[in-house]
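Examination of the molecular architecture
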Amino acid sequence: MTKFEALGLNKPLLDAVADMGFESPSEVQEKAIPILLESETDLVALAQTGTGKTAAFGFPLIQKLDSNSRTTQGLILSPTRELCLQITNEMQAYSKYVKGLSTVAIYGGASITEQARQIKRGAQIVVATPGRMKDMIGRGLVDISKIDYCILDEADEMLNMGFYEDIKDILSNTPADKSTWLFSATMPKEVSIIAKKFMHSPVEITVGTKNAGTSTVQHEYYVVGGRDRYAALKRLSDANPDIFSVVFCRTKRDTQRVAEKLIEDGYNAGALHGDLSQNQRDLVMNAFRKKQIQMLVATDVAARGIDVDDITHVINYQLPDEIETYTHRSGRTGRAGKNGISMVIVTRSEMRKIHAIEKKIKQEFVNKIIPTGIEICEIQLYHLANKIKDTKINKDVENYLPAINDVLDGIDRDELIKKIVSVEFTRFSNYYNKTKDLNATVSEKSAARKSTSGGSVRYFINVGEKDGYDWMSLKDFLRDTLNLGKEDVYKVDTKDTFSFFNTEAEHKDQILSFFTDFKLNGRFINVEVSNSPEGSGGGRGRKDKGKKRGRGGKNDKNSYKGKASRSGKRRSKKSRSDFF
Ligand code: ADP
Ligand code: MG
């Protein structure tokens, strides 16, 4: 008996499993399938991306449906069109030996009449995005009033994308006695609210740790100067010749710009963002799937649906505003038990974000150095040699050999090798011969050492007299909280809603990292290095900003938007559509 048989799957499914080459069930499958097969229950399953959740609900769903009836019996809601199509394909593969079973995908951006026509022909399983589903219910094009099973897949992403109301509406069109199965990578508050409101004492299963990033992913950061981001990106790519990656940018404009530059510089790159037509996006995604594109430059929203295995690297060209977004980004790699690397290109002033992410994902980043030009040339050289060695000889070449031999006559083996290798190598060596070291600082320690020689550091802190502090009590508070000596905190200057203080530079890293998520009376306390001259009491404008510093929104913990906009240079306000 195979392990899949032991879970209780029937013959048609076992045959499909064999065809797909699955050898043993994944953990979430092992836990969910028997429960769902044996009982009519609601279920909440938490498991990272790439752990095989589709089959965990897909197998039991297919086995439990009545394929002789054409009634729609199962509804799967999923956040994006990409995922809808993917789930539909998987369901069709799983059910290939189940006669008469039909799965139909419903999503925006495609003909609603065509989708309605497919539904009308009879679909036991409907896979839908919430928006289009609601639309079709409204127009009476689909009937989900008799479903037995409703699956909320990638529930956290659906809620992230603002589908709560749509989901609520859709569920109100389903029978009360159906079973609801919720699958999610993380369990934010919004998801537990859904579970409480719309489910009846669900069985809970968890695979791995809740809310943690994928552990098969190594997180790395590279510190560079702000103007060297693009050059750093190129080097990271050149140092990984077989890279198959998603490069995340913050805005559509940056996404387009970086992709264009990469293409101009000879890389297999493509852009994916919301300003492209559906057709353009499909073309890019197809090329990416076929690995004709090695670097897919994408915005967070556009990349949500990407569910491509084998992504070797996720590159954070810029860090996202929300820490949660970082988790989604890095989850694109290290799928299906493979290893992946999530690289972050940061400037020195963004180091605090790295610490904040480390805390959230409970994993440490490795501080890596951008490879030098010489290292990259070496890597490329060995890569090329190996590529030549592993290349399968194309038989058709034989026909041309006499002519080729003629051309290359008189060149000995050594010289020939040098020439062949130089064909590609020269491009890199020419480029890298002229380039400088990009690393802004070699390590945090050396950064600290540098600033020690800088003497005193002035900080800004977002508590002040309104919070009941005067300079003495604030000094005591800082010394006690930070465990510093009597003379270590000085020039404490309290204002209405904020204050300033100084320490020697050697305490800087400790102080900044301590205050990345420190709460006092339920409020986040922020400390940052002040640009204002020592002891001057802060420049003008500080006061305005201080007033706006209201925190306490529910997402504050995961956000460093506030910090970013406080960093001296004020970023222009971006509309929501800039980020899609
Ligand atoms: P998730 O929904 O958890 O992100 P998927 O269901 O998309 O994960 O599965 C990720 C990949 O793993 C898919 O390519 C899928 O075909 C494959 N897969 C799923 N279950 C197994 C298994 N038991 N053995 C091998 N591969 C599997
Ligand atoms: Mg999935």
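Coordinates for the structure precede this section.
Computed from a prediction, not measured in an experiment: that's the story for all the values here.

**Here we look at the packing of aromatic side chains**
Taken as a whole, this structure holds 16 aromatic pairs when the rule is applied. With centroids separated by 5.1 Å and ring planes inclined at 40°, the aromatic side chains of Tyr149 and Trp181 adopt a geometry described as tilted. A residue pair is termed long-range when its members are at least 10 positions apart, and Tyr149 in strand E5 (residues 149-152) and Trp181 in strand E6 (residues 179-184) qualify at 32 residues. Exposure class is identical for Tyr149 and Trp181. Each is buried. An angle of 25° between the planes, with centres 4.5 Å apart, marks the rings of Phe244 and Phe288 as stacked. Here Phe244, found in the loop between helix H11 (229-238) and strand E9 (245-248), pairs with Phe288, found in helix H13 (residues 278-289); they are 44 residues apart in sequence, far enough to count as distant. Neither Phe244 nor Phe288 differs from the other in exposure class; each is buried. One aromatic cluster is present, formed by Tyr469, Phe477, Phe514, Phe515 and Phe518 through successive ring pairs. Just above the ring of Tyr230 sits the side chain of Lys261; from NZ or CZ to the centre is 4.4 Å. Over the ring of Phe244 we find Lys291; its NZ or CZ atom is 4.8 Å from the centre of that ring.

**Observations regarding the sheet that holds strand E16 (residues 490-494)**
If you walk across this open sheet you meet the 4 strands as E16-E17-E15-E20, and the pairing is antiparallel. Each edge of the open sheet carries a strand with a single partner, namely E16 and strand E20 (527-529). Across the sheet, the axes of successive neighbouring strands diverge by a mean angle of 25°, strand direction being ignored. Here strand E15 (residues 456-461) pairs with strand E17 (residues 499-504) via 6 bridges, running antiparallel. Its bridge partner lying in E17, Tyr459 is registered against Phe501.

**Regarding the site of ligand 1**
With respect to spatial proximity, 17 residues lie near ligand 1, and among them Gln29, Gly50, Lys53, Thr54 and Asp309 are the closest. Side-chain polar atom of Gln29 to a nitrogen atom of ligand 1: 2.8 Å apart, as the coordinates give it. Its free accessible area being 560 Å², ligand 1 has 81% of it covered by the protein chains.

**Details of the sheet that holds E5**
The 7 strands are arranged E3-E4-E2-E5-E6-E1-E7 in an open sheet whose pairing can be described as parallel. Unpaired on one side and paired on the other, strand E3 (103-106) and strand E7 (203-206) mark the two borders of the sheet. Across the sheet, the mean angle from the axis of one strand to that of its neighbour is 15°, orientation sign disregarded. Of the pairings in the sheet, the one linking strand E1 (residues 43-46) to E6 comprises 4 bridges and is parallel in character. Following the sheet pairing, Leu43 is matched in E6 by Trp181. Those strands touched by helix H5 (residues 81-94) are strand E2 (74-77), E3 and strand E4 (125-128), and its axis lies near 180° from that of E3.

**What about empty space enclosed by the protein?**
Considering all chains together, one arrives at 3 cavities of 30 Å³ or more under this definition. Computed from the structure, the second largest cavity encloses a volume of approximately 60 Å³. If you trace the second largest cavity, you find it lined by Phe248, Asp300, Ala303, Arg304, Thr325, His328, Arg329 and Arg332. Classifying every residue of the lining of the second largest cavity gives 2 nonpolar, 2 polar and 4 charged.

**Quick look at the pairing of E17**
Summarising burial for E17: 5 of the 6 residues are buried, a large majority. As defined by bridge partners, E16 adjoins E17 across 3 bridges and the pair is classed as antiparallel. Bridging from a neighbouring strand, Thr494 pairs with Ser499 of E17. Adjacent in sequence and paired antiparallel, E16 and E17 are bridged by 4 residues.

**Description of the environment of Thr255**
The topology assignment puts Thr255 in helix H12 (residues 252-264). Counting along the chain gives 15 residues from Thr255 to Gly270, while the straight-line C-alpha distance between them is 9.3 Å. In contact with Thr255, other than residues within four places in its own chain, are Cys249, Ala271, Leu272, His273, Val297, Ala298 and Thr299. A polar side-chain atom of Thr255 sits 2.7 Å from the main-chain carbonyl oxygen of Thr251.

**Looking at the side chain of Gln115**
Following the sequence through the fold, Gln115 ends up in helix H6 (residues 112-120). Given the relative accessible area of 4%, Gln115 is considered buried. Contact partners of Gln115, with chain neighbours within four places excluded, come to Ala105, Ile106, Tyr107, Ala110, Arg132 and Met136.

Criteria and thresholds
Residues numbered from 1 in each chain as written. Chains lettered and ligands numbered in written order. Predicted model: local features only at pLDDT ≥ 70, side-chain atom pairs only at ≥ 80, totals over all residues. Heavy atoms only, no water. Phe/Tyr/Trp six-rings, centres within 6.5 Å; stacked < 30°, edge-to-face > 60°. Helix = DSSP H or I, 4+ residues; strand = E, 2+ residues; numbered from the N terminus. Buried < 20%, exposed > 50% of the residue type's maximum accessible area, 1.4 Å probe, protein only. Lys NZ or Arg CZ within 6 Å of the ring centre and 35° of its normal. Pairing = 2+ DSSP bridges. Axes fitted to C-alpha atoms, helices over the stretch in contact; angles between N-to-C directions. Near = heavy atom within 4 Å. Polar contact = N/O pair within 3.5 Å; in protein donor to acceptor, adjacent residues only side chain to side chain. Areas by Shrake-Rupley, 256 points an atom, 1.4 Å probe, with all protein chains shown as cover. Contact = heavy atoms within 4.5 Å. 1 Å grid on protein atoms, 1.4 Å probe; cavity = no way out; pocket = protein on both sides within 12 Å on 5 of 7 lines; lining within 4 Å. Points joined across faces, edges and corners; volume = space filled by probe spheres on them. Nonpolar A, V, L, I, M, F, W, Y, C, P; charged D, E, K, R; others polar.

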